[in-house]
Amino acid sequence: MSADIIDGKAAAATLRETIAVAVAAMKADHELQPGLAVVLVGEDPASQVYVRNKGVATEKAGMRSIEHRLPADATEEAVTDLVRRLNADDTVDGILVQLPLPDHINSARVIEEIDPAKDVDGLTEANAGRLMLGKPGLVPCTPQGSIILAKSVRGNLSGLHAVVVGRSILVGKPLAMLLLAENCTVTMAHSRTKNLAEVCRGADILCAAVGRPRMIGGDWVKEGAIIIDVGINRIEEDGKNRLVGDVDFDAAKVRASAITPVPGGVGPMTIACLLRNTVIAAARRRGFSDPAV
Ligand code: GUN
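Residues numbered from 1 in each chain as written. Predicted model: local features only at pLDDT ≥ 70, side-chain atom pairs only at ≥ 80, totals over all residues. Heavy atoms only, no water.

Asker: Would you mind going over the overall build of the protein chain in detail, with residue names and values included?
Answerer: Helix and strand content of the protein chain: 10 helices and 11 strands. In terms of C-alpha radius of gyration, the protein chain reaches 19 Å, essentially the compact-globule figure of 19 Å for 293 residues. With the C-alpha coordinates of the protein chain rotated into their principal frame, the extents come out at 50 × 40 × 35 Å. Across the 293 residues in the protein chain, those meeting the buried criterion constitute 48%. Taking contacts inside the protein chain between residues at least 6 apart in sequence as the whole, the part at least 24 apart equals 68%. With the model as given, the accessible surface of the protein chain reaches about 13700 Å², and the carbon-plus-sulfur share is 51%. Charge centroids of the protein chain, computed over 33 positive and 36 negative side chains, lie 3 Å from each other. (Helix = DSSP H or I, 4+ residues; strand = E, 2+ residues; numbered from the N terminus. Rg over C-alpha atoms; globule rule 2.2 N^0.38 Å. Buried < 20%, exposed > 50% of the residue type's maximum accessible area, 1.4 Å probe, protein only. Contact = heavy atoms within 4.5 Å. Areas by Shrake-Rupley, 256 points an atom, 1.4 Å probe, with all protein chains shown as cover. Lys, Arg positive; Asp, Glu negative; His and termini not counted. Charge placed at Lys NZ, Arg CZ, Asp CG, Glu CD.)

Asker: Outline helix α7 (residues 172-181), listing residues and values.
Answerer: Taken as a whole, α7 has its buried residues at G172, P174, L175, A176, L178 and L179. On its buried side, α7 packs onto α5 (125-133), α6 (141-153), β5 (161-165), β6 (185-189) and β7 (205-208). At the exit of α7 stands N183, carrying a positive phi of roughly 70°.

Asker: Please set out the site of the ligand residue by residue, giving values where relevant.
Answerer: Near the ligand the following residues occur: L96, V97, Q98, L99, D121 and L170. Here D121 contributes a side-chain N or O atom positioned 2.5 Å from a nitrogen atom of the ligand. Contact with the protein chains covers 82% of the free accessible surface of the ligand, which is 280 Å². Looking at the shell around the ligand residue by residue, the class counts come to 4 nonpolar, 1 polar and 1 charged. (Near = heavy atom within 4 Å. Polar contact = N/O pair within 3.5 Å; in protein donor to acceptor, adjacent residues only side chain to side chain. Nonpolar A, V, L, I, M, F, W, Y, C, P; charged D, E, K, R; others polar.)

Have a look at this one:
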């Protein structure tokens, strides 16, 4: 068997088109142009690329992109002051503070300053709590994108055994909650899990979000499993820089029924879901019904 390769680029392009239509309707019906503010502290090269891509995608969807760059030695107070100003700015519908922040800044305290109604990353206690309680809120983008891709393969995930490897706040934990909401039986695995390979072999849906290149080998994959690889790891191989996932793609694809590639899988969905959250936040903040995105 050779797995279907799940085309995240195409799925993201489709979602972005739908979002652009919703944005155009908001402009026509309410003279409203949603705005997304991104805060970047320091000069981390990978973060600069992400922020630039977010800005381009935001404008392409017809929304306003606002970028704030602070120096690497900015104080925590300077960052929280900026977040408070963005909270108070009515032209800003979404606020994203690019992570990781420099070590001297307490990320949790900064994130908690974001108005939950503008928290398009879904990372505040209010939104994380809503997700846990099954209440509507803003949901973290990468987990949301992962679910959309899994459902593009199998519309109904109910009853499937999902194994999530990785327990980060940004991906692993919220992804487990979303899978549970889809009626999956969910196992959360991590670096201390005993017999990790054996646990993974039990998965109908295997989600890898650990940040370790090709950690999940082909023999960890059940025949016919759906693999969602969230890892984006830069490695040097054969004298070249390459991006690889947390799953050994070539070995896994002969056992899985469907697999997301890296790059071109979950990655493009993250930005599309960020745009989706921004347009949803813009509507909800004003008491409009949710846009059809
Ligand atoms: N850094 C890497 N991914 C993300 C993300 O989804 N949100 C934020 N805020 N920072 C990130």
